[in-house]
Amino acid sequence: MRAILGGVAALAIAVPAVVVSRTHAVPLAITAKVTRPQRVVAATELPAVDPVEMQALTPQDARLYNAGIPFVRGPRPAAQAFRFVGDDAQRARATDCLAAAAWYEAGDDPVGQRGVVQVVLNRLRHPAFPKTVCGVVFQGHERSTGCQFTFTCDGALGRHPSEPAWDRARKVAAAALDGAVFGKVGYATHYHTDWVVPYWSASLDKLAEVHTHLFFRWTGWWGTPAAFRRVVSSDEPVIVGLATISTAHGLGTALSEAATAITAATPLLDAASVTTAAVPGDPDSFMAIVKSDAPERYPDIAKAACGTRAKCKFLGWTDRASLPAGSAMTPQQMAAMSFSYLRDKDAGLERELWNCREFPHTGPGLCMKRQVVPISAPSVSPAPTGQEALDGVRRREGSGSSRPPLGAPPAV
């Protein structure tokens, strides 16, 4: 019994010593190499977003140093749920930017991906960062150094995820845009792998560890929930670098290039006059807002959107209010359509049609079929009986009226 108790006592002393040595004790030769900025930014001063620059440490020394940084004490609340409120096209672009950050930063690891995605959404709601999902992910990507997520500027975009891996990353991103929260990383706005030491890490609060990633928040007021109240924008930009893996961004790139080419050919159409989105669930169909004073250019825009697809449908409206929100269209929206383009190479079909009520000088055979807009039928009184019915029959027989029956739609 004495031997057992002695062994327990020895472990009680040895285990904490090992934990402390792994968590806090860092060789002086390593700490001497590290610049340790320490500054708490006042609530009245927006904190600077520093470029990603690393301390001059080997991966082994970086791991030792990172293990010596203690986790912050006190509350570490989970972030509030985020809900994306843009249209389908904007949501598609936001989803793919978020999925790209998840996959390129954390690989095919759903837990690590959730941590990365949470940091992006935390940054989105913090006033120190851009106001869109894609803006946050690709902040600084135009520079070879200084990008916030290194995959956006180090050539990693040339490496593509497999289709199943991309689908999994998109599901993680979509869930986060619909309110899923990864509470473990709290309000973290920064992270890095444990084999590097960025210059900023020593000045932030260390919040959590997820596999090989360490997560941090700003010190002081800027790391509290009250700082994450910025109103965001759903006007997600098109990212050319994602065109090869993202249909949403690939379409935007093609249309941007088409608009640039068209602008050079004619001053009637500028790049801002074409807004196109893929129809949800149908990557071969597109809907667009087009400029009303250049109808002769609609086929060029449609063919640019369709690209090399064997089958494609392009529908355009000049009235933004009539553009359908999804694949379903009301009769009124169909009637307001300004242009349509259909292609089916297997069937030898390529057809361009204009709304000739809107563009009356369109050539013969190029007019859309006139759409009939139904109107609601008025309520019908109960059928008369007896003499009332007979009187009604006599009146109808003698009226000679050629009116259509109640509820028949008028021609438009």
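Refer to the preceding data block for the structure.
Now for a look at the structure at hand. (Residues numbered from 1 in each chain as written. Predicted model: local features only at pLDDT ≥ 70, side-chain atom pairs only at ≥ 80, totals over all residues. Heavy atoms only, no water.)

### Remarks on unusual backbone geometry
In this structure, H211 is a non-glycine residue whose phi angle is positive, near 55 degrees. Turning to its location among the elements, H211 is positioned in the loop between strand 2 (205-210) and strand 3 (213-217). (Helix = DSSP H or I, 4+ residues; strand = E, 2+ residues; numbered from the N terminus.)

### Considerations on helix 7 (residues 163-177)
A rise of 1.5 Å per residue sets the reference length of helix 7, with its 15 residues, at 21 Å; its end C-alpha atoms lie 21 Å apart and thus fit the reference within 8%. If you follow the buried residues of helix 7, they end up packed against helix 4 (88-106), helix 5 (110-124) and helix 6 (133-137). Positioned one or two residues after helix 7, G179 has a phi angle of 115 degrees, which is positive. (Expected span 1.5 Å × (residues − 1). Contact = heavy atoms within 4.5 Å.)

### Overview of the state of the cysteines
In the structure shown here, the tally under the stated rule is four disulfides. The disulfide that involves C147 links it to C153, with 1.8 Å between the sulfurs. Residues C147 and C153 agree in their burial class; the two are buried. What pairs with C306 in a disulfide is C312, and their sulfur atoms sit 1.9 Å apart. Around the S-S axis, the bridge from C306 to C312 shows a dihedral of about -75 degrees and counts as left-handed. Take C306: its relative accessible area is 0%, and that puts it in the buried class. Judged by its relative accessible area of 5%, C312 falls in the buried class. (Disulfide = S-S within 2.5 Å. Buried < 20%, exposed > 50% of the residue type's maximum accessible area, 1.4 Å probe, protein only.)

### Regarding the nonpolar core
Ranked by size, the top nonpolar core spans 59 residues in total, and within it L98, L121, V133 and F151 carry the most contacts. Sorting the residues of this core by element identifies helix 4, helix 5, helix 6, helix 7, strand 2 and strand 3 as the ones contributing at least two each. Ranked by residue count, the leading element in this core is helix 4, at 10 residues. With residues near it in sequence (within four places) discarded, F151 still touches A100, A101, Y104, E105, V137, F138, A156 and L157. (Core = buried A, V, L, I, M, F, W, Y, C linked by side-chain atoms within 4.5 Å.)

### Some details on the packing of aromatic side chains
Scanning all chains against the criterion turns up 13 aromatic pairs. Taken together, a centroid distance of 5.0 Å and an interplanar angle of 0 degrees make the contact between Y104 and F151 stacked. One end of the pair, Y104, is in helix 4; the other, F151, is in the loop between helix 6 and helix 7, and 47 residues separate them in sequence. One exposure class covers both Y104 and F151, and it is buried. Through successive ring pairs, a cluster of aromatic residues spans Y298, F314, F339, W354 and F359. In this structure, K206 packs its charged tip against the face of F71, placed 4.5 Å from the ring centre. (Phe/Tyr/Trp six-rings, centres within 6.5 Å; stacked < 30°, edge-to-face > 60°. Lys NZ or Arg CZ within 6 Å of the ring centre and 35° of its normal.)

### Observations concerning the pairing of strand 2
The buried fraction of strand 2 is high, at five of six residues. The antiparallel pairing of strand 2 with strand 3 creates a hairpin that spans two residues between the two strands, and H211 there sits at a positive phi of about 55 degrees. (Pairing = 2+ DSSP bridges.)

### With respect to the side chain of R93
On the secondary structure map, R93 appears in helix 4. One buried charged residue, R93, forms no salt bridge at all, with the nearest opposite charge on D235 at 5.1 Å. Residues in contact with R93, not counting those within four places in the same chain, are C134, E236, P237, V238, A248 and H249. (Lys, Arg positive; Asp, Glu negative; His and termini not counted. Salt bridge = Lys/Arg side-chain N within 4 Å of Asp/Glu carboxyl O.)

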